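Okay, here's what each chain looks like letter by letter:
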Amino acid sequence: MAGTISRIRLENFMCHSSLDIELGQHVNFITGQNGSGKSAILTALCIAFGCRAKNTQRAATLKDFIKTGCSDAAIAVDINNQGEDAFKPDIYGNLIKLERRITKSSSSTILKDQHGRKVAHRKDDLNEIVEHFNIDVENPCVIMSQDKSREFLHSGNDKDKFKFFFKATLLQRLKELLETIRDQVHKADSDVQELEKSIKPVMRELDELREKIKNMEHIEEIAHDIDNLKKKLAWSWVYEVDQQIEEQTVKLQKLKGRAPACQERIDRNTVVIDKLKKELIEKEENLRSLVGKTREENNMKKSMENNIAEAVKREIELEAEHERGAHMLQRKNGRLNQLQAQLRDFQMQHMQSTQAEASQMEKDMQNIQQQIDHLHSNVTRLREDENEFTAELSGIVKSINDISKEIAENDRRTKQIKSDIADLQRQQSNTVTAFGGQRVLKLLESIETNHKKFESPPIGPIGAHLQLASESWSVAVDSACGGLLDAFIVTCCKDLHVLRECASKVNFNNLRIIVYDFTRPRLIIPDGSLPTTEHPTVLSVIQSENHTVLNVLVDQGHAERQVLVKDYEVGKSLAFDDRMRNIKEVYTSDGDKIFSRRAVQTFYPPTSKKGRPNRLCSSLGEKIAELKNEAEGIQRTIVEKNGQKSKLVKDQCDLEQKIADSKRKREPEEHRLEKKILELDDAKRAFAEINRYAAVDNSELEEDIKKEKNIIVESEQLLQKIKVKLAAASREVNDRREAYKTFMDSVNETGHRASANDELELIKRKLDAAEQEKAHYEGLMTTKVLPAIKMAEAEYADLQQLRQDNFKKASTICPESDMEALNNVAGSTPEQLSATLNRLKQRFDQESRRHAESIDDLRALHDKKEQKILSNSCMQVLG
């Protein structure tokens, strides 16, 4: 049954340390000795259901119920919630668990469902359950404590017992409530009478306002009619344009119907023109063939005439050649006779010996040869001395060039060191200059000037926000990050454009800008994505207070996959090992870059200048002192090398003078040597000539006679061949002349060329007529039909645009669906509606001038007075 108690649990309550009682569904009896805690159970029920401590007559406050020596007490009551009278069974279920906990300073009540889940904790929720199940623990008829039962039993007269009954049955509370209500009703009647007297003037004012409102309602009707007419007028313009569009559509269709007729005539003439052009081409081809045939005949005629001329020319040439051969044969016979006569004369002469002259010439040649040998020895000695001086000079020049290059390299290195020292000094005063020099300072000033234009202040340069865990990795980290250290970070594209403008103003071109979300938290890299090695990565040796900088180095530079090693050998074994995963690149402490892509193994030396300090280095003072010492040492080396160079230059001048002296001595000797060699050659030729003449005999003349005889025989044979060719040429001339005569007789020059020309002219006239007719209809199409269609289409487009504009304006006033409620605008033109609207506006102005206040003001005043009356009435009632 709903509302019955099934279980009671007490902890540290009065005399009970821990008590748990399960009750039956009907009547339950609790027995025990005096002081065993029977009344404590009844008191616990009263406290659980909200009774105050004083009303139990067992304690003054709730904390007095806590067992001595304990800090808190607890009461738990389980209430059955089954059947028709169940309280919110969808929330509590079949059982309501009530828990009351008491401490030294406070108390709390918790209501739970059958599963022990907390549902409520307020006193009102408990009172709602108590009222629902009619559990009034303060009523002695419900719970009668020992004190109340003793009071009831010891009361002596019937009057006191009736008072007890009157109170227990709540009749006394009901009587008091009725008396209170009677007093409130009498007071409310008097308040209503006073209120009616006070609101009579206001009611008269309300009646007057109602009369004015009633008299002015017709003005509101006029205003309503004006609004409706405005809507109708706005849409009437749209509907009028729709009618014009329909008329223009019909007109455009008629105009477009004219175009096919003209086009049909144009197409028909086009077909005729194409046909006539084909015929014209054929006739022209025929005519050209006739002309070509005539041209071929003329060419044949010219060719035959040329052949005859060539044959005649060849005949004349052969005749001339025959004549020349006869004259030559005659000359050769005369020459043969002359040679035979000379041979006979030569044999009769006697040659005398010239031995004495030959002997003298041999002595002269021996003398010249001795002089040549002496001169050649002098020239060879001088040339060897000159070569020796030249070789020594070449070595000195090479040494001078080497020293000059070394001095130039030292000068360049000194300038570079001075520049590095200046950079380090600037970096020492402001570390930002290491990542862009003076330009980055100007850029930062420009960013500060334009800071209001940025959504968030840019971060950069990135290198200025980094610190190293160890100085030993500064070169490796600089080589790995490279240009990223000079980059700036912005949070959006707008800031990117603003930063680009700032960089352009300070001439900082090619500035790298990275767009990244500043609100993104620090990236957490899983262990599976890190390199499988104990060597540090770039990400592990850098530090930054800004997590966005570290995120960018991970996303853009893969800092978590760039491994750092001490030397090349370790880096090579690490980079080229296929078992090592998640390694992008390996960098040595000297800045060497090593990586492997598939089967390609690559090594890059550091790209920074040799000796240049790293930008991430923090020990700048030591580096500056080191560079200054290096510069002083280089300067001492330059002074020493300049001294060596001066000595070598002096030696060079001495050797050049020696070479010049040797050359001046050698050249005259060489001239004399060449002259003697020429004299020796002339003497040898003269001696040989003498010996040749001494050995001459008559064999040469005999040989010449034999050659002349052979030439005469060949000339006679050639002359015979020329006679045969001459006879053949004469026959060829006669044959060609006969063929030319036969060809000229067979040529018919009249042909059909005249009739072909007439047909060609006729086709041309027909073609001109067809083209003129086509041009006529094309001109008609171009000048009349198409312009009219184009104009009509333009007007149609204008109407469409006008309709769209009017529709847009009308839609802003009211939707088109409202026109159905206004009986549309059929039968009314915009002019008629505009005239009606003007008349209503005039009438509205006249009526409005008759009344100073508007109907809205009167209604607002009426509502205000009504609200005032109601508020005064409520205040009177509440008072």
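Residues numbered from 1 in each chain as written. Predicted model: local features only at pLDDT ≥ 70, side-chain atom pairs only at ≥ 80, totals over all residues. Heavy atoms only, no water.

A. Geometry of the sheet that holds strand E11 (residues 562–565). Strands sit in the order E11-E12-E13-E14 across an open sheet of four strands; the sheet is mixed. In this open sheet, the two strands that pair with only one neighbour each are E11 and strand E14 (600–604). Looking at each pair of strands side by side, their axes are set apart by 20 degrees on average, direction ignored. Here helix H13 (residues 568–575) sits on the sheet and contacts E11, strand E12 (585–588), strand E13 (593–597) and E14; the angle it forms with E13, its principal contact strand, is near 15 degrees. (Pairing = 2+ DSSP bridges. Helix = DSSP H or I, 4+ residues; strand = E, 2+ residues; numbered from the N terminus. Axes fitted to C-alpha atoms, helices over the stretch in contact; angles between N-to-C directions. Contact = heavy atoms within 4.5 Å.)

B. Looking closely at a nonpolar patch on the surface. A cluster of nonpolar side chains, namely Phe 162, Phe 165, Leu 171, Leu 174, Leu 177, Leu 178, Ile 181 and Val 185, defines an oily patch on the protein surface of about 730 Å² accessible area. If you tally residues by element for the nonpolar patch, the top one is helix H6 (residues 171–348), at six residues. Position of Leu 174 relative to the elements: it lies in helix H6. Residue Leu 174 is classed as partly exposed on the basis of its relative accessible area of 45%. (Patch = residues over 30% accessible without salt bridge, like charges linked within 9 Å, V, L, I, M, F, W, Y side chains within 5 Å. Areas by Shrake-Rupley, 256 points an atom, 1.4 Å probe, with all protein chains shown as cover. Salt bridge = Lys/Arg side-chain N within 4 Å of Asp/Glu carboxyl O. Buried < 20%, exposed > 50% of the residue type's maximum accessible area, 1.4 Å probe, protein only.)

C. Broad picture of the sheet that holds strand E2 (residues 16–22). Strand order across the open sheet formed by six strands is E2-E1-E3-E4-E5-E6, with antiparallel pairing between neighbours. For this open sheet the edge positions go to E2 and strand E6 (118–120), each flanked by a neighbour on one side alone. The mean angle between the axes of side-by-side strands here comes to 20 degrees, regardless of whether they run parallel or antiparallel. As paired strands, strand E3 (residues 72–80) and strand E4 (residues 95–103) are joined by nine bridges and run antiparallel to one another.

D. Spatial organisation of a negative patch on the surface. Together, Glu 217, Glu 221, Asp 225 and Asp 227 make up a region of like negative charge exposed at the surface. Along the polypeptide, Asp 225 turns up in helix H6. A relative accessible area of 35% means that Asp 225 is categorised as partly exposed. (Lys, Arg positive; Asp, Glu negative; His and termini not counted. Charge placed at Lys NZ, Arg CZ, Asp CG, Glu CD.)

E. Broad picture of the pairing of E3. Along E3, eight of the nine residues are buried, which leaves the element largely enclosed by surrounding structure. Relative to E3, strand E1 (residues 5–13) runs antiparallel, the two being bridged by six bridges. Counterpart to Glu 11 in the pairing with E3 is Ala 74.

F. How the structure looks around the packing of aromatic side chains. Using the criterion set out here, one finds two aromatic pairs in the structure. Ring centres 5.4 Å apart and planes at 15 degrees place the aromatic pair Phe 13 and Phe 65 in the stacked group. Taken together, the residues Phe 13 in strand E1 and Phe 65 in the loop between helix H1 (38–48) and E3 connect sequence positions 52 residues apart. Summarising the burial analysis for this pair, Phe 13 and Phe 65 share the class buried. Relative to Tyr 92, the ring of Phe 87 lies with its centre 5.9 Å away and its plane at 35 degrees, an arrangement referred to as tilted. A relative accessible area of 6% means that Phe 87 is categorised as buried. Owing to a relative accessible area of 4%, Tyr 92 belongs among the buried residues under this scheme. For Lys 566, the ring lying beneath its charged end belongs to Trp 473, and the centroid distance is 4.6 Å. (Phe/Tyr/Trp six-rings, centres within 6.5 Å; stacked < 30°, edge-to-face > 60°. Lys NZ or Arg CZ within 6 Å of the ring centre and 35° of its normal.)

G. Fine view of the environment of Ser 479. Secondary-structure assignment places Ser 479 in helix H9 (residues 474–481). In this structure the C-alpha to C-alpha distance between Ser 479 and Lys 593, which are 114 residues apart in sequence, comes to 7.9 Å. Filtering out sequence-adjacent residues up to four positions away, Ser 479 remains in contact with Tyr 587 and Gly 591. For Ser 479, the side chain forms a polar contact with the main-chain oxygen of Gly 591, separated by 3.1 Å. (Polar contact = N/O pair within 3.5 Å; in protein donor to acceptor, adjacent residues only side chain to side chain.)

H. Up close: unusual backbone geometry. For the bond running from Gly 460 to Pro 461, omega is -10 degrees, close enough to zero to count as cis. Among the secondary structure elements, Pro 461 is positioned in the loop between helix H8 (438–449) and strand E7 (467–468). The backbone of Lys 88 shows a phi angle near 45 degrees, a positive value even though the residue is not glycine. The phi angle at His 558 is positive, at roughly 55 degrees, despite the residue not being glycine. Checked against the element boundaries, His 558 lands in the loop between helix H12 (547–557) and E11. You can call His 558 partly exposed: its relative accessible area is 27%.

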